Structure formats: C-alpha cells, structure tokens
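Structural features, examined
Read off the chains here:
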Amino acid sequence: QVHLVESGGGLMQAGGSLRLSCAASGRTFSDYTMGWFRRAPGKERLFVAAIRWSEDTTYYADSVKGRFTISRDNAKNTVYLQMNNLKPEDTALYYCATYYGRVGTVANYNRYAYWGQGTQVTVSS
C-alpha cells in the first residue's frame, strides 16, 4: 500500500520561503509520477507541480513557475516542493499525490491514485 506523508507547511510572510516534503513508502517509485496540488478555502483543487520519479522532467502551473521548484531524493524516497517568493494567493492546503506511470497529463488530479493528508501553507501580506 502506497503511503504519502507531507510536512513542512506553516505560516510565512509574503516574500518568504517554505519547503514542503512528501515522504513516500510502500512501493519502488521509479515508474511513478509525483505531483503537488493545492486547495484554497472554497476553491477547487489545483495542480502545482509534478516530476517523473525516474527522470528530471518537471512540470509547473503557470502561477508558480519561476518561484516553486519540485525535486526528489531517491535515497530518501522523498519529493520536495521549494516555494520562494510566497504570495498570499499561495495560501492553501497542499497535497502530495502519485500515480503509476511515466506518461499522461500530470495536471489532471483524476490520474493520481494515492494522496497524502495535506499540509497547510498560510501566507500573510
């Protein structure tokens, strides 16, 4: 059974940085795609970033491109989301998710079979 645990959320002032972590277990993830999504209060769940576990191919939503960086540590089975120059509109519950496969539309949350419990990020102005 795949298990994902996010951490690293918190309260930050605008312009600051946070790094989210997603510890993955239960599989060998070389053929998986890992993604980050977020949901603001009263809003739909939105794609943030994704990475193919066995490659360096990364994907970003336009709203975070140039500010956020997704990466992974194979030895630790962990995916990171480095968030710089945070804005109040980045405030949301951030989820890590994964699906088996190295192709497909990474921004489609319906593709992701496994989800973490989420970590809250709050950015004050």
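See the structure shown above.
First things first, this report covers the structure right here in the doc. (Residues numbered from 1 in each chain as written. Predicted model: local features only at pLDDT ≥ 70, side-chain atom pairs only at ≥ 80, totals over all residues. Heavy atoms only, no water.)

A few points about the overall build of the protein chain
Looking only at helices and strands, the protein chain features zero helices and 11 strands. The principal-axis extent of the C-alpha atoms belonging to the protein chain is close to 40 × 25 × 25 Å. When burial is assessed residue by residue, the protein chain has 41% of its 125 residues classed as buried. A sequence separation of at least 24 residues applies to 58% of the contacts in the protein chain between residues at least 6 apart. Of the roughly 6200 Å² of accessible surface on the protein chain, a fraction of 46% belongs to carbon and sulfur atoms. Charge-centre separation for the protein chain: the mean point of 14 positive side chains lies 2 Å from the mean point of 9 negative side chains. (Helix = DSSP H or I, 4+ residues; strand = E, 2+ residues; numbered from the N terminus. Buried < 20%, exposed > 50% of the residue type's maximum accessible area, 1.4 Å probe, protein only. Contact = heavy atoms within 4.5 Å. Areas by Shrake-Rupley, 256 points an atom, 1.4 Å probe, with all protein chains shown as cover. Lys, Arg positive; Asp, Glu negative; His and termini not counted. Charge placed at Lys NZ, Arg CZ, Asp CG, Glu CD.)

Observations concerning the packing of aromatic side chains
Counted by the stated rule, this structure contains nine aromatic pairs. The interplanar angle of 65° and the centroid separation of 5.1 Å between the aromatic rings of Phe 29 and Tyr 32 together place this pair among those described as edge-to-face. By relative accessible area, which is 1% here, Phe 29 ends up buried. Relative to Tyr 112, the ring of Tyr 99 has its centre 4.9 Å away and its plane inclined at 85°; by these criteria the two rings are edge-to-face. Placement of the pair is Tyr 99 in strand β9 (residues 92–100) and Tyr 112 in the loop between β9 and β10 (114–115), with a sequence separation of 13 residues. For Tyr 99, a relative accessible area of 2% gives the class buried. For Tyr 112, a relative accessible area of 5% corresponds to the buried category. Through pairs of rings, three or more aromatic residues link up here, namely Phe 37, Phe 47, Tyr 95, Tyr 99, Tyr 112 and Trp 115. Here the guanidinium or amino end of Arg 111 rests over the ring plane of Tyr 99, the centre of that ring lying 4.6 Å away. (Phe/Tyr/Trp six-rings, centres within 6.5 Å; stacked < 30°, edge-to-face > 60°. Lys NZ or Arg CZ within 6 Å of the ring centre and 35° of its normal.)

Focus on the state of the cysteines
Counted under the stated rule, the structure contains one disulfide. Note that Cys 22 is cross-linked by a disulfide to Cys 96, the S-S spacing being 2.0 Å. Where Cys 22 bonds to Cys 96 through sulfur, the torsion about that S-S bond is close to -75°, and the disulfide is left-handed. Here Cys 96 lies in strand β9 and Cys 22 lies in strand β3 (residues 18–25), a separation of 74 residues in the sequence. (Disulfide = S-S within 2.5 Å.)

Quick notes on unusual backbone geometry
Located in the positive-phi region is Asn 77, a residue other than glycine, with phi close to 50°. Looking at where Asn 77 falls in the secondary structure, it is placed in the loop between β7 (68–73) and β8 (78–83). You will see that Asn 85, though not glycine, has its phi angle at about 50°, which is positive.

A closer look at the pairing of strand β4 (residues 32–39)
Summarising burial for β4: seven of the eight residues are buried, a large majority. Note: β4 against β9, eight bridges, orientation antiparallel. Residue Met 34 lies in a different strand from β9, and its bridge partner there is Thr 98. (Pairing = 2+ DSSP bridges.)

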